[in-house]
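# Remarks on the overall topology
Residue-level listing of the chains:
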Amino acid sequence: MSSDGRIPLPLLPTTPPTGRAAVTCEYRCGNACAHEAPNTSGNEYFGDVVRGIVSRRGMLKAGAVLGIAGAGIAATGGAAAAAPGAPGRGHGPKPPRGLDFEPVAPNRLDALVPPRGYRQDIVIRWGDPVLPGAPRFDFHNQTAAAANKQFGFNNDFCGLVPLRRDAWLMVSNHEYTTETFMFTDYDPANPTREQVEIAWASHGLSVVVIERDKRSGTVKAKVDRHYNRRHPLTAPFTVSGPVAGSDLLKTTADPTGRLVLGTLNNCAGGVTPWGTILTGEENFNQYFANADQVTDPVVKARMARYGLSGGASGRKWERFDDRWDLAKEPNEANRFGWIVEIDPYEPDAKPVKHTALGRFKHEGANVHVARDGRVVAYMGDDERFDYIYKFVSRHRMLPGNSRWARHHNKKLLTEGTLYVAKFTGDSPASEIDGTGTLPSDGEFDGSGKWIPLASGRTSFVPGMSAEEVYVFTRLAADKVGATKMDRPEDVEPNPRDGRVYAALTNNTDRGKAGKEGATEINPRNANRHGHVLEWEEHRGDNTATTFRWRLLLVCGDPNSPDTYFGGYDKTQVSPISCPDNLAFDKYGNLWVSTDGNALGANDGLFATTTTGRERGHLKQFLTVPVGAETCGPVVTEDFVLVSVQHPGEVDGADANNPASHWPDGGDSQPRPSVAVIWKPGREIGT
Ligand code: FEO
Ligand code: CA
Ligand code: CA
């Protein structure tokens, strides 16, 4: 720790524009950042046209906070490095309920580091059995047949629904495969059929029963014959909503346009109030080949807006199945980029792709029940200069868990109105200079409105049919003046008050030549560390079409003048970079996980309250091993689950030269896993 009690900052990195390894960029999102951002629309930001009333609400809160001590950064390996010192114990302000823990210091350990006094265990890891008869994982003798019964690779979102006392159904999605980390003999130019089929099996979804051992407090996955399922890239998914059966979704293999094999590149997700899981299909474009052979200029332009371009794909799947070849099956890519709903209580039901929620690079979707009972799904399109959306259902949710209520509620996302967000700043444009310096009213804030795109068969977008709006939603949003954002990831309503939060991960292109510059809502050029946005809908009605917004966090090094932590004393907060997934605990505290720490430390999980004097007092709850990303946080009163995605995925590493040996230690290969963290005899954060 430094002498003034601040958490020591790690060294700043020297090369990457973000903290993500090049290998992750290649396999996770097909090097999205190396390509031009697909939004080349002339759609401009109108944010600073309207000048609002100056508010002083964001003035720094003075003093009265206690120093957080921090441990130094350990070089490698070794024991956990929780920060000593306990804010709020005995003197100083009491921490908010559920947030009484010692912050973990930034580090580069090959370990999961929780706060002092907490324990950790592995719930399930890549290759562990999910289905009965699954063989024990054998890294050097993998088969597709085995992988189809085992936990997939690179689990990202994690959602729980209750099953019985101390048991839950856990749904994990498997975003992508990194073949150079899965096989010692992988040749990217010539993958074998078995390797490709293992990759198909290692994508998709897993449904797993997990149980908490009351005595020890740990949580473990079970092989459950009735509920456990895998939904790999060869499993059937149905299509629902306004474009089910559309010509735009028909292929040779599926002339109905209603049955798709698999789900791709699932990122974040959400648990619905009716007990199903939503998961977002994100960077699906990277799996498709030969867009450069498509000659129809309209089709080509639509593909380009989704990043579908070039010849051979990175994984070369087009050699093994024509559906990955756009020259042969141009509609296959239209069957990805949706929100998927899965009902873990009905293990034999096919997961559903909901077309009413639009098609883009869906990070995820999170549902809030509005006062009138209609449901509102909030969504981000994770790409530089893309948009934030919401869907308002036509029908109201039925309470209860009856068969009829569940049947009704599972159709709520098939009919409604899809909107895109437009944000307006309230400070003069001259005060938004791209450095992140707060404007004179003390806050990055303003108003906004929801622009309708389509509802059922009605399009609100000139020149586009409703069918086109749903399938080419990005192009529709371009036309109506949506606000270009800095990679919108999780968008999460606080279940306690209905306020909505969005993680904007980063956008190093903002302000570059030819690109949109800083706006009040995306106030930093070359934005490396991202920000967290908060808004409340008009009169607290989540179906409203107007709202007020403000930035809660402008992330990065708290010592840097371009950061902001809800107005809280920045000497007392944990550094954070690249916010990605958001979650709320039962007290309404906001938990934030990160993807690609551009400050040079490992990724982590953080928490703050969003109200009262402690608003913005962000503390790091854990860090994940070297090269890993912290995903899918689930925060219950008894435990925290995190998906530890792509441990060891750093440049220069591969299966022949692993940079991490987590979680099994020794000279083992790293394995993406769900980890559990708990505090024996106590609730989380107490
Ligand atoms: Fe898969 Fe948006 O991160
Ligand atoms: Ca302002
Ligand atoms: Ca994400």
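Residues numbered from 1 in each chain as written. Chains lettered and ligands numbered in written order. Predicted model: local features only at pLDDT ≥ 70, side-chain atom pairs only at ≥ 80, totals over all residues. Heavy atoms only, no water.

The name given to the chain in an unreviewed UniProt entry is PhoX family protein, and the organism recorded there is Actinokineospora guangxiensis.

### Re the overall build of the chain
Scanning the chain from N- to C-terminus turns up eight helices and 32 strands. Relative to the globule expectation of 26 Å for 686 residues, the C-alpha radius of gyration of the chain, 23 Å, shows essentially globular dimensions. If one aligns the C-alpha atoms of the chain with their principal axes, the spans along those axes are about 70 × 60 × 55 Å. For the chain, with 686 residues in total, the buried portion stands at 64%. Contacts spanning at least 24 positions in sequence make up 67% of the contacts within the chain whose residues lie at least 6 apart. Element-wise, carbon and sulfur atoms account for 51% of the exposed surface of the chain, whose accessible area totals about 23900 Å². Counting 77 positive and 83 negative side-chain charges, the chain places the centres of these two groups 5 Å from one another. (Helix = DSSP H or I, 4+ residues; strand = E, 2+ residues; numbered from the N terminus. Rg over C-alpha atoms; globule rule 2.2 N^0.38 Å. Buried < 20%, exposed > 50% of the residue type's maximum accessible area, 1.4 Å probe, protein only. Contact = heavy atoms within 4.5 Å. Areas by Shrake-Rupley, 256 points an atom, 1.4 Å probe, with all protein chains shown as cover. Lys, Arg positive; Asp, Glu negative; His and termini not counted. Charge placed at Lys NZ, Arg CZ, Asp CG, Glu CD.)

### So, the packing of aromatic side chains
This structure, assessed with the given rule, holds 28 aromatic pairs. Taking the centre distance of 5.1 Å and the plane angle of 90° together, the rings of F101 and F621 count as edge-to-face. With F101 in the loop between α1 (22-29) and β1 (119-125) and F621 in strand β29 (residues 619-623), this residue pair connects regions lying 520 residues apart in the sequence. Residue F101 shares its accessibility class with F621, and that shared class is buried. (Phe/Tyr/Trp six-rings, centres within 6.5 Å; stacked < 30°, edge-to-face > 60°.)

### Some thoughts on the coordination of the calcium ion (ligand 2)
Listed as protein donors to the calcium ion (ligand 2) are D426 (OD), S427 (OG), D441 (OD), D441 (OD), E443 (O), D445 (OD) and E520 (OE); their distances from the metal cover 2.2 to 2.8 Å. Counting gaps between the donor residues of the calcium ion (ligand 2) yields the pattern D-S-x13-D-x1-E-x1-D-x74-E. Here the residue D426 occupies a position in the loop between β17 (416-425) and β18 (445-455), and D441 occupies one in the loop between β17 and β18, the gap between them amounting to 15 residues. On the basis of relative accessible area, D426 is assigned to the buried category, the value being 5%. (Donors = N, O, S within 2.8 Å, 3.2 Å for Na, K, Ca; no water.)

### What to know about the pattern of salt bridges
Under the definition given, this model contains 54 salt bridges. Put simply, E211 and R164 hold a salt bridge, and the shortest N to O gap is 2.7 Å. Here E211, found in strand β4 (residues 204-212), pairs with R164, found in strand β2 (residues 155-164); they are 47 residues apart in sequence, far enough to count as distant. Notably, a salt bridge pairs D348 with R229, separated by 2.7 Å at the nearest N-O pair. Within this pair, whereas D348 is found in the loop between β11 (339-342) and β12 (352-354), its partner R229 is found in strand β6 (residues 229-231), the two being separated by 119 residues in sequence. One network of salt bridges, with partners in common, ties together R305, K361, D381, E383, D386, R474 and D478. (Salt bridge = Lys/Arg side-chain N within 4 Å of Asp/Glu carboxyl O.)

### Observations concerning the environment of N141
You can see N141 is positioned in the loop between β1 and α2 (144-147). Along the sequence, N141 and D497 sit 356 residues apart, while their C-alpha atoms lie 51 Å from each other. Polar side-chain contacts of N141 include one of 2.9 Å to the side chain of D138. (Polar contact = N/O pair within 3.5 Å; in protein donor to acceptor, adjacent residues only side chain to side chain.)

### Details of the coordination of the calcium ion (ligand 3)
The protein atoms that coordinate the calcium ion (ligand 3) are C267 (SG), E363 (OE), E489 (OE), D580 (OD) and D580 (OD), at distances of 2.3 to 2.9 Å. Of note, the calcium ion (ligand 3) draws all its donor residues from one chain, in the sequence arrangement C-x95-E-x125-E-x90-D. Of this pair, E363 sits in strand β13 (residues 362-369) while D580 sits in strand β26 (residues 579-584); the two residues are 217 residues apart in sequence, bridging distant segments of the chain. One exposure class covers both E363 and D580, and it is buried.

### Looking at the pairing of β13
Most of β13 sits inside the fold, with seven of its eight residues counted as buried. Where β13 meets strand β14 (residues 374-381), six bridges bridge the pair, whose relative direction is antiparallel. Following the sheet pairing, N366 is matched in β14 by Y378. Counting the residues in the hairpin turn of β13 and β14 gives four residues, including G373, whose phi is positive at 95°. (Pairing = 2+ DSSP bridges.)

### What about the sheet that holds strand β32 (residues 673-678)?
Strands sit in the order β1-β32-β31-β30 across an open sheet of four strands; the sheet is antiparallel. The open sheet has two edge strands with one neighbour each: β1 and β30 (629-635). Pairs of neighbouring strands in the sheet enclose a mean axial angle of 25°, with direction left out of account. Note that β30 and strand β31 (residues 640-645) share five bridges and pair antiparallel. By the bridge assignment for β31, E629 is matched with Q645. (Axes fitted to C-alpha atoms, helices over the stretch in contact; angles between N-to-C directions.)

### A look at helix α4 (residues 193-202)
Taking burial as the measure, the ten residues of α4 include seven buried ones, the bulk of the element. Of the positions making up α4, those classed as buried are Q195, V196, I198, A199, W200, A201 and S202. In this structure, the buried side of α4 is in contact with α2, β3 (167-174), α3 (179-182), β4 and β6. Looking one or two places after α4, you find G204, whose phi comes out positive at around 100°.

### Some words on the state of the cysteines
The final tally for this structure, using the stated rule, is zero disulfides. No disulfide involves C555; its sulfur sits 8.2 Å from the nearest other cysteine sulfur, which is in C578. The buried category is assigned to C555, whose relative accessible area is 0%. Free cysteine: C631, not disulfide-bonded; nearest cysteine sulfur from C267 at 6.9 Å. (Disulfide = S-S within 2.5 Å.)

### Notes on the environment of V375
Structurally, the position occupied by V375 is in strand β14. Residue V375 is classed as buried on the basis of its relative accessible area, which comes to 0%. C-alpha separation for the pair V375 and T543, spaced 168 residues apart in sequence, amounts to 8.1 Å. Among residues more than four places away in sequence, those in contact with V375 are W274, V367, H368, V369, F391, V392, S393, H395, M397, L412 and L413.

### Considering the sheet that holds strand β27 (residues 590-594)
The sheet built from four strands is open, its strands ordered β26-β27-β28-β29 with antiparallel pairing. The sheet is open, and its two edges are formed by β26 and β29, each paired on a single side. Pairs of neighbouring strands in the sheet enclose a mean axial angle of 25°, with direction left out of account. Note that β26 and β27 share five bridges and pair antiparallel. Paired with P579 across the bridge in β27 is T594.

### Thoughts on the environment of D292
Its location among the elements puts D292 in the loop between β10 (277-281) and α5 (297-305). In this structure D292 touches K300, G310 and G311, once residues within four positions along its chain are discounted. A distance of 3.4 Å separates a polar side-chain atom of D292 from the backbone nitrogen of G311.

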